[in-house]
Amino acid sequence: MISAIERGAKAPTVVVLHRIATGLDTSLSRLVEEETDARVIVLRHSRQKVVRAAAGWERRILSPVLPGVEFELMRITVGPLVNSPMFLPHAHGSREYVAVEKGTLLFTLDGEPHTLKAGDSIYFDGNCMHGFRNPSRVPCVYYLAMDVSGDAAGTSHRPVPREVESASEMHPSKREVGSASTKMPRRRQVQELVLHE
């Protein structure tokens, strides 16, 4: 998959980008944005990267990519009745924080559902299978803060459940990610998916 993206033969979906980032123990932001080393960085709304999924949700990246920092802050909008695919566990020691601004969000963590309403928040260990769904007929907006640095020395991703492994082409297996080139896809190909608003 990485090779196909590098050659321009395939445009990556949000899920594929997420799986590539997870396989490389890095953040989605690092795949779509250049690293910046400055004491103060202002990201104007018009310059923030937006990654959209055809399924009806989008991620607006609110944090810059900093040298040696694997942290992301995103504003995510999920359309009515939209169900995301499951996302792979991040490195051991990764942390994720979610705060719902409006609507209802059903978070599934290792098969356990958690319903969040406007004003609710949740923390979870990023080393778990996780997915989200908007069970209502109105859009849901939430913020996600992720520290995916984890424990690089002891990183051990758990195996992907069979049902996720064979779900579709949108979910390349861990074997595919692991056997492909470990260099990151060229940003030009990756940015075909990213829109500037």
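First things first, this report covers the structure right here in the doc. Just so it is clear, the model here is predicted, and its values are computed rather than measured.

About the thresholds
In every chain, residue numbers begin from 1 and rise along the written sequence. This being a predicted model, a pLDDT of at least 70 is required before a residue's local features are given, and a value of 80 or more before pairs of side-chain atoms are given or counted; all residues contribute to the totals for chains, interfaces and linings. Think of the side-chain values as coming from all heavy atoms in the structure, minus any hydrogens and water. The secondary structure listing takes helices from DSSP runs of H or I that are at least 4 residues long and strands from runs of E that are at least 2 residues long, numbered from the N terminus. The rule is simple: take the accessible area with a 1.4 Å probe, protein chains only, and divide by the maximum for that residue type; under 20% is buried, over 50% is exposed, in between is partly exposed. Every residue pair with non-hydrogen atoms within 4.5 Å of one another is taken to be in contact. Using a 1.4 Å probe, the Shrake-Rupley method yields the accessible areas, and only the shown protein chains count as cover for residues. Any two strands between which DSSP finds at least two bridges are classified as paired. As a rule, the C-alpha atoms of each element are fitted with a line to give its axis, helices using only the stretch in contact, and angles between N-to-C directions run from 0 to 180 degrees. The salt bridge definition used is simple: a Lys or Arg side-chain nitrogen within 4 Å of an Asp or Glu carboxyl oxygen.

Our focus in this paragraph is the overall build of the chain. Tallying secondary structure elements over the chain gives six helices and ten strands in all. The proportion of buried residues among the 197 residues of the chain is 45%. Considering only contacts in the chain between residues 6 or more positions apart, those separated by 24 or more positions represent 71%. Accessible surface, the chain as shown: approximately 9,800 Å² in total, 52% of it carbon and sulfur.

Quick look at the sheet that holds strand β6 (residues 112-117) now. Spatially, β6-β5-β8 is the arrangement adopted by the three strands of the open sheet, whose pairing is antiparallel. Where the open sheet ends on each side, the last strands, each with one partner, are β6 and β8 (130-133). The mean angle between the axes of side-by-side strands here comes to 20°, regardless of whether they run parallel or antiparallel.

Attention now goes to the pairing of strand β4 (residues 95-102). Inspection of the sheet shows β4 paired to strand β7 (residues 121-125) by five bridges, in the antiparallel sense. If you follow Glu-96 over to β7, its bridge partner there is Phe-124. In this structure, β4 lies alongside strand β9 (residues 140-147), joined through seven bridges in antiparallel fashion. The partner of Val-98 across the bridge, within β9, is Leu-144.

Turning to the pattern of salt bridges, a few remarks are in order. Summed over all chains, the structure comprises three salt bridges. Note that Glu-58 and Arg-52 form a salt bridge whose closest N and O atoms lie 2.9 Å from each other. Accessibility expressed as a relative area gives 17% for Glu-58, which makes it buried. Here Glu-101 ties to Arg-75 by a salt bridge, and the two come within 3.4 Å at their closest N and O atoms. In this pair, Glu-101 sits in strand β4 while Arg-75 sits in strand β3 (residues 71-78), placing the two residues 26 residues apart along the sequence.

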